[in-house]
Amino acid sequence: MKKRRVAITGLGLVNPYGEGDVGDFFSRIMRGESAVRYHTLNDSPRPLALPLVACSHFNPIAVLGPPLANAMDRFSHFAMASAFSAWQDSGLEKHCNRDDYGVSWGTGSGGSLTIERGYQKLYFENKEKVSPLSVVLAMNNSAASHIAMQLGLGGPCNTSTVACASSSIAIGEAFRRIREGSVNLMLVGGSEAPLSYGVIRAWQAMRVLSEGDATTAYRACRPFSENRAGLTLAEGAAALVIEDWEHAVARGARIYAEIVGYGNTCDRTHIARPDSCGQVRSIAAALADGGLHADEIDYVNAHGTSTVEGDAIEIRSIKTAFGEHASKLAVSATKSMHGHSLGASGAMEALITTLALYRQVIPPTANVTEISADCKGVDHVINQGRTNVPVRAALSNSFAFGGSNAVLAFRSVSS
Amino acid sequence: MIMIMNDLELIQNFLKDRVESPALDKIVPEATLTELGIDSLMLVELIFEFEDQTGLSVPTDIPPPTTVGELLQQLKDIRNQPATK
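Residues numbered from 1 in each chain as written. Chains lettered and ligands numbered in written order. Predicted model: local features only at pLDDT ≥ 70, side-chain atom pairs only at ≥ 80, totals over all residues.

### Quick look at the overall build of chain A
- Of the regular secondary structure elements, chain A holds 14 helices and 13 strands.
- In terms of C-alpha radius of gyration, chain A reaches 20 Å, essentially the compact-globule figure of 22 Å for 415 residues.
- With the C-alpha coordinates of chain A rotated into their principal frame, the extents come out at 65 × 50 × 40 Å.
- The buried share of chain A, taken over its 415 residues, is 58%. (Helix = DSSP H or I, 4+ residues; strand = E, 2+ residues; numbered from the N terminus. Rg over C-alpha atoms; globule rule 2.2 N^0.38 Å. Buried ≥ 20, exposed ≤ 12 C-beta atoms within 10 Å, placed from the backbone.)

Okay, structure coming up:
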């Protein structure tokens, strides 16, 4: 059976820089501008301030209205806002009532803010009851369900929870459904709202968060740099509309890029320490799935979280997977600017990779002073994006705790 | 300070926050909760708001109201119950 082609026709996000649109977001990314700030949690039992990417400007009541906003956790607020934005960008009718359209969403911890608020009431405020909406606010699939209800999408409505690979896997699985012909269009993406006291303390306990103060926070995340010192947590969301190529052409949609491949493997070695073998297999699987030769790839959006161990292993994986081509392969880690939004990060980086192909540019890794010796061997794009460069095809890597790896392969429309 | 409102105002304010384009003029005794857009989960939310505002407790073993009139009567009965220790 002939495989169908899959087009990307809509992009949306909650812009971590402020009120601007996707274009504003991408311009800042290309300039190497960091969205990381020294942020203080106001509702924590002890003072807690650290470098974070918080979407403090985002007002769910203003964006969604009181009835919708009051029926959702913050991770669903982000999901809805990004989904509405992508849907509008794709030129689709608001409430379409289509059973051949679906949702595939990713989140790592779903409604953890709702769960934490419930614990506060029960254990510290001595209340006997929590909100009757607690279950439906907190469940990980609530964001996808709200998107389906609001947009009228009656096909599959699924949620992937695979830590930092959640939304890349959500996109990859949806891509396969469209390619095989079981659906025509999927709203895909991911959202995360992890900036609660308990969640941040848990990440701190792992000793993987980068530190900083009000003057240094913006450069807290510096992947591949010799002085890298850990990741920077972020909240937010990104969404894409992906659809059967002919379906997109028939309705006159703008096509940003094509998704051509998806690799999905497990390291099967350690719950938190990444393993190069699993990553290499995932990259190779994405290339093979997309019918791409290694030397056709002009850009890799790396997982690049800025941890000492993880970054070095990822570069080793890229060098192994690409062989001689690695030294000519442009690589960047955009988490240096938008932070690590965990289950949403794959979607955020898929959006960035899509725009890199659409505009024929390559975004940078920000905050790099000098590339670390254990991260050399690829063409690092640092601090400032490259313009007017050929970008025929690109990969986006997502390597999660648990050893789950997802690599998405994209191709430029012009190629 | 928590403002104590009457039960009709409680329903009106609740609907403003939970329902798109609430028909506040249709909050009449014979109106069903369903036609006002109040489902079973929202009814529990409304009852919790009543409890938080009044400090009273709504028993869980009474039949759920189906109309605004039944709901108002139940809340009135609870307000009028003698305080117990």
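### A short note on the overall build of chain B
- On a plain count of helices and strands, chain B comes out with three helices and zero strands.
- Each helix (α) and strand (β) of chain B, taken in turn from the N terminus, gives the series α-α-α.
- In terms of overall dimensions, chain B is globule-like: its C-alpha atoms have a radius of gyration of 13 Å, near the 12 Å expected for 85 residues.
- Taking the principal axes of the C-alpha coordinates as reference, chain B spans close to 40 × 30 × 20 Å.
- Summarising the internal contacts of chain B: among those between residues at least 6 apart in sequence, 57% fall at separations of at least 24. (Contact = placed C-beta atoms within 7 Å.)

### Side note on the pairing of strand 6 (residues 185-192) of chain A
Residue and element names in this part refer to chain A.
- Taken across its eight residues, strand 6 has eight buried, putting it largely inside the fold.
- Pairing between strand 4 (residues 101-106) and strand 6: six bridges, direction parallel. Looking across to strand 6, one finds that Gly102 is bridged to Met186.
- Where strand 6 meets strand 7 (residues 236-244), eight bridges bridge the pair, whose relative direction is antiparallel. (Pairing = 2+ DSSP bridges.)

### Points about the interface of chain A and chain B
- In this complex, chain A contributes eight residues to the contact, which on the side of chain B involves nine residues.
- Looking at side-chain class alone, the side of chain A that touches chain B contains four nonpolar, three polar and one charged residues. (Nonpolar A, V, L, I, M, F, W, Y, C, P; charged D, E, K, R; others polar.)

### Things to note about unusual backbone geometry
- The phi angle at Ala163(A) is positive, at roughly 45°, despite the residue not being glycine.
- Along the chain, Ala163(A) falls in the loop between strand 5 (157-160) and helix 8 (166-180).

### Re the packing of helix 11 (residues 276-289) of chain A against helix 12 (residues 308-322) of chain A
All names here are of chain A.
- Axis separation between helix 11 and helix 12 bottoms out at 9 Å; the angle between their running directions is 45°. Accordingly, the angle class assigned to the pair helix 11 and helix 12 is oblique. Helix 11 and helix 12 meet at a crossing whose hand is right-handed. Contacts from Ser276, Gln279, Val280, Ile283 and Ala284 of helix 11 reach helix 12 at Ile313, Glu314, Arg316, Ser317, Thr320 and Ala321.
- Residue classes in the contact of helix 11 with helix 12 are distributed as five nonpolar, four polar and two charged. (Axes fitted to C-alpha atoms, helices over the stretch in contact; angles between N-to-C directions. Parallel < 35°, antiparallel > 145°, perpendicular 65-115°, else oblique. Left-handed = near helix turned anticlockwise from the far one by under 90°.)

### Remarks on the domain arrangement of chain A
Residue and element names in this part refer to chain A.
- Here the domain parsing of chain A yields domain 1 (7-250) and domain 2 (260-411).
- Listed per partner, the contact involves 56 residues of domain 1 and 56 residues of domain 2.
- At the level of elements, strand 1 (6-13), helix 1 (22-31), helix 8, strand 6 and strand 7 are the ones that each hand at least two residues to the side of domain 1 that touches domain 2.
- The dominant element in the side of domain 1 that touches domain 2, judged by the number of residues it contributes, is helix 8, at eight residues.
- When its residues are assigned to classes, the side of domain 1 that touches domain 2 shows 29 nonpolar, 19 polar and eight charged. (Domains from an automatic or database assignment.)

### Observations regarding the environment of Thr114(A)
Residues and elements named next belong to chain A.
- Positionally, Thr114 belongs in helix 5 (residues 112-124).
- Along the chain, Thr114 and Arg74 lie 40 residues apart, while their C-alpha atoms are 8.5 Å from each other.
- Filtering out sequence-adjacent residues up to four positions away, Thr114 remains in contact with Asp73, Ser134, Leu137 and Ala138.

### So, the sheet that holds strand 5 of chain A
All names here are of chain A.
- The strand order 5-4-6-7-1-8-13-12-9-10-11 describes an open sheet built from 11 strands, whose pairing is mixed. Of all the strands in the sheet, just strand 5 and strand 11 (379-380) have a single pairing partner and so form its edges.
- By the bridge criterion, three bridges tie strand 9 (residues 297-301) to strand 10 (residues 330-332) in an arrangement that is parallel. Across the sheet, the residue bridging to Val300 is Val331, located in strand 10.

### Remarks on the nonpolar core
- With 124 residues, the main nonpolar core has Ile147(A), Leu187(A), Leu240(A), Ile242(A) and Leu408(A) as its most contacted residues.
- Here the element with the most residues in this core is helix 14 (residues 345-359) of chain A; it accounts for nine residues.
- Composition of this core by domain shows at least three residues from each of domain 1 (7-250) and domain 2 (260-411) of chain A.
- Among residues more than four places away in sequence, those in contact with Ile147(A) are Ala79(A), Met80(A), Ala83(A), Val103(A), Trp105(A) and Leu187(A).
- Within the second largest apolar cluster, 13 residues are counted, among which are Met42(B), Leu46(B), Ile47(B) and Phe50(B). (Core = buried A, V, L, I, M, F, W, Y, C linked by C-beta atoms within 7 Å.)

### With respect to helix 2 (residues 40-54) of chain B
Residue and element names in this part refer to chain B.
- Counted at 1.5 Å a residue, the expected span for helix 2 with its 15 residues is 21 Å, and the 21 Å between its end C-alpha atoms agrees.
- Turning to helix 2, its buried residues are Met42, Leu46, Ile47 and Phe50. The arc enclosing the buried residues of helix 2, seen along the axis, measures out at 145°, which places them on a common side.
- As for helix 2, its buried residues are in contact with helix 1 (7-18) and helix 3 (68-80). (Expected span 1.5 Å × (residues − 1). Arc of directions from axis to C-beta.)

### Some remarks on the pairing of strand 7 of chain A
Residues and elements named next belong to chain A.
- Extensive coverage of strand 7 is indicated by the burial of nine of its nine residues.
- Here strand 1 pairs with strand 7 via seven bridges, running antiparallel. Directly across from Ala7, in strand 7, lies its bridge partner Glu243.

### Re the environment of Pro194(A)
All names here are of chain A.
- Within the secondary structure, Pro194 sits in the loop between strand 6 and helix 9 (197-205).
- The class for Pro194 is buried, based on 25 C-beta atoms found within 10 Å.
- Excluding its chain neighbours within four sequence positions, the residues that come into contact with Pro194 are Ser109, Ser112, Val199, Leu233, Glu235 and Leu342.

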